[in-house]
Amino acid sequence: MIRIFSQFQLFPSKRFFLMTVFLALAFSIAAPAQETGDDPDPLQLFNQGQEAHEKGDFEKALKLYQQAIEVFPEFPEAEYQKGMALLSLNRTDEAEKSLRRAMELRENWTLPMTSLGVLLVQKNEFAEAESLLTKSIQLSGINFLAYSALTDLRIKTNAPPEKLRELLTKIQYLTTKANPTASLWASRAALERKLGDKRSAKISLNRALEIDPYDKLGLAERAETALSEGDYSTALKDVRTLLQMTSGSPHSEFLLARVYAATGDFEQSLAALKSIPDPTPEMLTLRDKIVANSSEDPAQLEKQLETDEKNAVILGRLCVLFRKENPTKALDYCRRAYEAEPDNLSHAVGYGAALVQAQQFPGAVNLLRRILEIAPDNFTAHANLATALFQLKRFEEAKTEYLWIIQHQPDLAIAYYFLAISHDSLEEYLDAMANYQQFLRVADEEQNKLEIEKVNLRLPGLQRLIKQGKGKKDE
């Protein structure tokens, strides 16, 4: 799961901040330097910084916080807010120093402790991050941000199932409390998905995005879910939204690279990876795989396969390359890719498509129906299932698939064409006429030239049948 924290702002109530700052400054009045009245008021500077911060003017806020600290060096609130402003400006190393300084100045203060833990998870410094986040939870109890960051840490480090279940139990309890955040629900969804409870994960994810449709963690989790199910259009849409909200985020760029790699667009995937300044080992591994396996030369890939016969990336690539020119060979590679990574739905969908291409329609129907039980919104699986059912003359079932396709892509002319033929074959002539006419309205004259000619030849005969009252209504 990809976690996006770089733009997250924590604004504790101004009343709390001003009260604590006032008390801190009150104890410092005895210092001679504060009696001259020549120095600016650090509390006023801090308050102005808060106002600029809330308006999104991070540079101005940073300047004001720094001025307040120069007047009053032991000012933990200003150090903390300075760190958060630096995070918003993607100046993470400086932000880390400010958060650590805030913790030095106020022992056991959970705000900078949690924020530093979140930052260290981003930097893959997991040991210290876990210590900070665990302590923050112990001190504050209900700390939604800390639980979300700890979820990310557990998933990134491939924690054993028992640890994931323990964390999930705590988060499930928290989501029953008043006003759980969208991010907490998204974390619950991520843990449920990781533990194989996909049904519960989708329910939790929907709850997250009902609370906030633009929650970064919720969008990232939905993109991860869509990617795992082979629903690349949804994944790409959500990642692009994330990138608009978290410009320059390495986690969003990496997720984008993974989506492009899954669709076979290796050029775009490499471009996304190159935009990441300090790639992690996981990112470098993806880059190396793409470079090694983006070849258009099947012979070269088959040679590589001789020394690594279960390489799912190579098998999946060969599955695609042979799909048209040698469907039988493609089918073998698709099957092997699916067997090598049975949980990778892109291989399963590719295998299903290869079965259709090889005209093994009964097997394709069985496999594609199983895929749709897991990923009911996978467009490619629906399209191939519709084709297989149509070729088997199982028109009643094919209609259901074509209707689903039209609902999701209402401008896809060819879907109306095959839906019309299905109705026609079932003697549902009125529905056939309606769909033939809709096909003619949206069809491209060049791309659908052959189908247009066939429809124009069929329409007069169909009109006569309708006038004669023949045919049955689709119920």
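Computed from a predicted structure; not experimentally measured.

(A) Structural detail: the overall build of the protein. Across its full length, the protein holds 26 helices and zero strands. Expected size for 475 residues packed as a compact globule is a radius of gyration near 23 Å; at 29 Å, the protein overshoots this value by more than 25%. With the principal axes as the frame, the protein shows a C-alpha extent of 105 × 60 × 40 Å. Residue burial in the protein is summarised as follows: out of 475 residues, 49% are buried. In the protein, 54% of the contacts between residues at least 6 apart in sequence involve partners at least 24 apart. Accessible area for the protein stands at about 23,900 Å²; split by element, carbon and sulfur atoms hold 50% of it. Computed over 57 positive and 67 negative side-chain charges, the separation of the two mean positions in the protein equals 5 Å.

(B) A look at the state of the cysteines. With the rule as written, the count across this model stands at one disulfide. Between the sulfur atoms of Cys 319 and its disulfide mate Cys 334 the distance is 1.8 Å. Measuring handedness by torsion sign, the sulfur bridge of Cys 319 and Cys 334 sits at about 80 degrees and is right-handed. In this pair, Cys 319 sits in helix α18 (residues 312–321) while Cys 334 sits in helix α19 (residues 327–340), placing the two residues 15 residues apart along the sequence. Judged by relative accessible area, which is 4%, Cys 319 ranks as buried. Given the relative accessible area of 1%, Cys 334 is considered buried.

(C) Looking closely at empty space enclosed by the protein. Under the definition given, this model contains two cavities of 30 Å³ or more. A volume near 40 Å³ is recorded for the second largest cavity. In this structure, the second largest cavity is lined by Arg 193, Lys 198, Ala 201, Lys 202, Thr 225, Ser 228 and Glu 229. Where the lining of the second largest cavity is concerned, the elements lending two or more residues are α11 (198–211) and α12 (216–228). In terms of residues, the lining of the second largest cavity owes the most to one element, α11, which gives three residues. A breakdown of the residues in the lining of the second largest cavity according to their chemical character gives one nonpolar, two polar and four charged.

(D) Spatial organisation of the pattern of salt bridges. For the coordinates displayed, the defined rule picks out 26 salt bridges. Here Lys 123 and Glu 125 are joined by a salt bridge, their closest N and O atoms 3.9 Å apart. The exposure class of Lys 123 is partly exposed, given its relative accessible area of 30%. You can call Glu 125 partly exposed: its relative accessible area is 33%. Measuring nitrogen to oxygen at the nearest pair gives 3.8 Å for the salt bridge that ties Asp 152 to Lys 156. On the criterion of helical spacing, the pair formed by Asp 152 and Lys 156 is a turn pair, its members being four residues apart in helix α8 (residues 144–156). You can call Lys 156 partly exposed: its relative accessible area is 25%. Here the residues in one salt-bridge network are Asp 93, Glu 96, Arg 100, Lys 123, Glu 125 and Glu 128, joined through shared partners.

(E) Region of the structure containing the packing of α12 against helix α14 (residues 250–263). For the pair α12 and α14, interaxial distance at closest approach is 11 Å and the crossing angle is 20 degrees. Judged on the interaxial angle alone, α14 and α12 are roughly parallel. The handedness of the crossing between α12 and α14 is left-handed. Residues Ala 220, Ala 223, Glu 224 and Leu 227 of α12 pack against Leu 255, Arg 258, Val 259 and Ala 262 of α14. Counted by class, the contact of α12 with α14 contains six nonpolar, no polar and two charged residues.

Thresholds applied
Residues numbered from 1 in each chain as written. Predicted model: local features only at pLDDT ≥ 70, side-chain atom pairs only at ≥ 80, totals over all residues. Heavy atoms only, no water. Helix = DSSP H or I, 4+ residues; strand = E, 2+ residues; numbered from the N terminus. Rg over C-alpha atoms; globule rule 2.2 N^0.38 Å. Buried < 20%, exposed > 50% of the residue type's maximum accessible area, 1.4 Å probe, protein only. Contact = heavy atoms within 4.5 Å. Areas by Shrake-Rupley, 256 points an atom, 1.4 Å probe, with all protein chains shown as cover. Lys, Arg positive; Asp, Glu negative; His and termini not counted. Charge placed at Lys NZ, Arg CZ, Asp CG, Glu CD. Disulfide = S-S within 2.5 Å. 1 Å grid on protein atoms, 1.4 Å probe; cavity = no way out; pocket = protein on both sides within 12 Å on 5 of 7 lines; lining within 4 Å. Points joined across faces, edges and corners; volume = space filled by probe spheres on them. Nonpolar A, V, L, I, M, F, W, Y, C, P; charged D, E, K, R; others polar. Salt bridge = Lys/Arg side-chain N within 4 Å of Asp/Glu carboxyl O. Axes fitted to C-alpha atoms, helices over the stretch in contact; angles between N-to-C directions. Parallel < 35°, antiparallel > 145°, perpendicular 65-115°, else oblique. Left-handed = near helix turned anticlockwise from the far one by under 90°.

Any link to function would need more than the numbers given here.
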